[in-house]
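Architecture at a glance
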Amino acid sequence: ASSPTFPIERSVYENCYTKSSYFLNGKKYYGIKLDLGMEYGGPLFFTHYSFLGLNPNGLSDKYTNYFDRNRAHALIQVAYAKDNPKKHTGYGAACWGFTSSDDPIDGYTSHQPGTNEENGTISPTAAIASLVYTPKESIDALRYFYLEKGNILLGEYGFYDAFNAGLVEGQQVVHSYLAIDQGPIAVMIENYRSGLLWKLFMGNPEIQKGLDRLGFKTSFTKSIH
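None of the values given here were measured: they were computed from a predicted structure. Per chain, residue numbering runs from 1 following the sequence as it is written. At least 70 in pLDDT is required for a residue's local features to be given in this predicted model, at least 80 for side-chain atom pairs to be given and counted, and no such filter applies to totals for whole chains, interfaces and linings, which use all residues. Values shown for side chains rest on all heavy atoms present in the structure; no hydrogens or waters enter the calculation.

**Details of the overall build of the protein chain**
Scanning the protein chain for helices and strands turns up ten helices and eleven strands. Put simply, the radius of gyration uses C-alpha atoms, and a globule should come to 2.2 Å times the residue count raised to 0.38. Compactness check: the protein chain gives a C-alpha radius of gyration of 18 Å against a globular reference of 17 Å for 225 residues, within 12% of the reference. By principal-axis analysis of the C-alpha atoms, the protein chain measures approximately 55 × 35 × 30 Å. Each residue is placed in one exposure class: buried if its accessible area under a 1.4 Å probe, protein chains only, is under 20% of its type's maximum, exposed if it is over 50%, and partly exposed if it falls in between. In the protein chain, which comprises 225 residues, the proportion classed as buried is 49%. Contacts were defined at the residue level, with two residues in contact if any of their heavy atoms lie within 4.5 Å. Counted over contacts in the protein chain with a minimum sequence separation of 6, partners at least 24 positions apart contribute 59%. Helix and strand definitions here come from DSSP, where helices need a minimum of 4 consecutive H or I residues and strands a minimum of 2 consecutive E residues; each element is numbered from the N-terminal end.

Now the structure itself:
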């Protein structure tokens with residue numbers, strides 16, 4: 001949509017992306033309304049990857065306000081971890097975060113709440129990269145991962161990709177670093193601190209043209225420029 005040469009029209013977006021089976025939602029989970037997304041919002045990378053540069057603050061369309069939608073997604077995951085309907089070991093208000101990552105049982109999976117892929121595995125990137133939406137809950141998780149689990153979870157390049165407290169000692173942690181998971185941690189921490197990556201991305205004039213073409217409204221344009 002932002003291409004200066006061959007941009008798609010809004011009809012392409014409306015007749016393809018918005019027609020997917022997991023676009024519209026409208027349900028409440030733990031009393032939190034989720035306008036868009038699959039059950040429980042799905043893995044949290046949906047709320048991270050698209051918004052590393054695209055600023056959700058003040059971003060809206062006829063479907064939702066995207067900051068509010070993304071915050072709801074993260075808060076639903078916090079509530080899910082506290083409720084812990086499958087009774088997995090270790091879940092709680094300070095130990096949450098479900099997204100696609102390496103897995104000590106299945107190799108790699110989405111860990112989507114409410115599905116068989118949610119097997120007790122927590123991915124630090126999910127909670128920490130949500131800092132821009134849930135600062136208190138994300139910092140609580142960061143402190144837990146560092147202070148309570150740091151002896152097994154913290155390595156040379158930061159937190160390992162995922163862990164499952166329900167497994168036997170020595171098998172709980174996946175000792176890997178995925179750039180696609182480490183990246184959002186760094187980017188979202190900086191966006192929380194200064195909005196730097198948002199400012200750089202949103203400062204490109206073609207981005208605003210694309211958003212306008214697709215029917216998005218942005219109330220932060222003046223402050224960005």
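**Here's the deal with the nonpolar core**
Definition used in this section: a nonpolar core is a set of buried Ala, Val, Leu, Ile, Met, Phe, Trp, Tyr and Cys residues joined via side-chain atoms within 4.5 Å. In terms of nonpolar packing, the biggest core is built from 21 residues, with Y91, W96, F98, I122, F145, L153 and F163 touching the most fellow members. Looking at this core, the elements that each hand over two or more residues are α3 (66-83), α4 (124-128) and α5 (135-148). Per-element tally for this core: the top contributor is α3, with four residues. Judged by nonpolar contacts, the second largest core, of 18 residues, contains Y13, F23, L59 and L211.

**So, the sheet that holds strand β10 (residues 173-174)**
Each pair of strands is called paired provided DSSP finds at least two bridges between the two strands. Pairing within the open sheet is antiparallel, and its three strands lie in the order β6-β9-β10. Both outer strands of the open sheet, β6 (121-122) and β10, are each paired with one neighbouring strand and no more. One ladder, built from two bridges, connects β6 with strand β9 (residues 162-164); its direction is antiparallel. Along β9, the bridge assignment pairs I122 with F163.

**A short note on a nonpolar patch on the surface**
Patches draw on residues past 30% relative accessible area with no salt bridge. Two like charges within 9 Å are joined, as are two nonpolar side chains (Val, Leu, Ile, Met, Phe, Trp, Tyr) within 5 Å. Using a 1.4 Å probe, accessible areas were evaluated by the Shrake-Rupley method; residue-level cover was limited to the displayed protein chains. We define a salt bridge as a contact between a side-chain nitrogen of Lys or Arg and a carboxyl oxygen of Asp or Glu at a distance within 4 Å. A cluster of nonpolar side chains, contributed by Y146, L147 and L154, occupies part of the molecular surface with about 320 Å² of accessible area. The topology assignment puts Y146 in helix α5.

**Describing helix α9 (residues 205-214)**
Along an α-helix, a turn takes 3.6 residues, which lines up residues three or four apart on a common side. Taken together, the buried positions of α9 are occupied by I207, Q208, G210, L211 and L214. Down the axis of α9, the sector holding all buried residues measures 160°, keeping them to one side. Projecting away from the buried face of α9 at angles above 90 degrees are the exposed residues P205 and K209. Looking one or two residues past α9, G215 carries a phi angle of roughly 90°, positive in sign. The directions considered for the arc are those from the helix axis to the C-beta atoms.

**Overview of the packing of aromatic side chains**
Pairing of aromatic rings covers Phe, Tyr and Trp, the last through its six-membered ring, and needs centres within 6.5 Å; plane angles under 30 degrees mean stacked, over 60 mean edge-to-face, and all others mean tilted. Overall, the coordinates contain 19 aromatic pairs when judged by the stated rule. With a centroid separation of 5.6 Å and an interplanar angle of 70°, the aromatic rings of Y17 and F23 are classed as edge-to-face. Taken together, a centroid distance of 6.3 Å and an interplanar angle of 35° make the contact between F51 and Y66 tilted. Of this pair, F51 sits in the loop between α2 (45-48) and β3 (59-60) while Y66 sits in helix α3, placing them 15 residues apart in sequence. For the pair formed by F51 and Y66, the shared burial category is buried. The structure contains a cluster of three or more aromatic residues connected by ring pairs, namely Y13, Y17, F23, F51, Y63, Y66 and F216.

**Some points on helix α7 (residues 179-193)**
To estimate how far a helix should extend, the number of its residues minus one is multiplied by 1.5 Å. With 15 residues, α7 extends 21 Å between its outermost C-alpha atoms, agreeing within 8% with the 21 Å of an ideal straight helix rising 1.5 Å per residue. Its buried side turned inward, α7 meets α2, β4 (101-103), α4 and α8 (196-202). In the stretch just after α7, G195 is the one whose phi turns positive, near 70°.

**Points about the environment of I189**
By the element assignment, I189 lies in helix α7. Sequence-distant contacts of I189, defined by excluding residues within four places in its chain, comprise I128 and L131.

**Structural notes on the side chain of S176**
Structurally, S176 can be placed in the loop between β10 and α7. There is a polar contact of 2.6 Å between the side chain of S176 and the side chain of D102. In this structure, S176 is in contact with D102, Y160 and D161, ignoring residues within four places of it in sequence. For this analysis, a polar contact is any N or O atom pair within 3.5 Å, provided that within protein one partner can donate a hydrogen and the other can accept it, and provided that sequence-adjacent residues contribute only side-chain to side-chain pairs.

**Re the pairing of strand β1 (residues 24-29)**
Strand direction decides the pairing type here: β1 and strand β2 (residues 32-36), joined by four bridges, are antiparallel. In the sheet register, Y29 faces β2, and the bridge partner there is I32. In sequence, β1 turns back onto β2 through a hairpin of two residues, with Y30 there showing a positive phi of about 55°.

Honestly, it's all geometry; don't read function into it.
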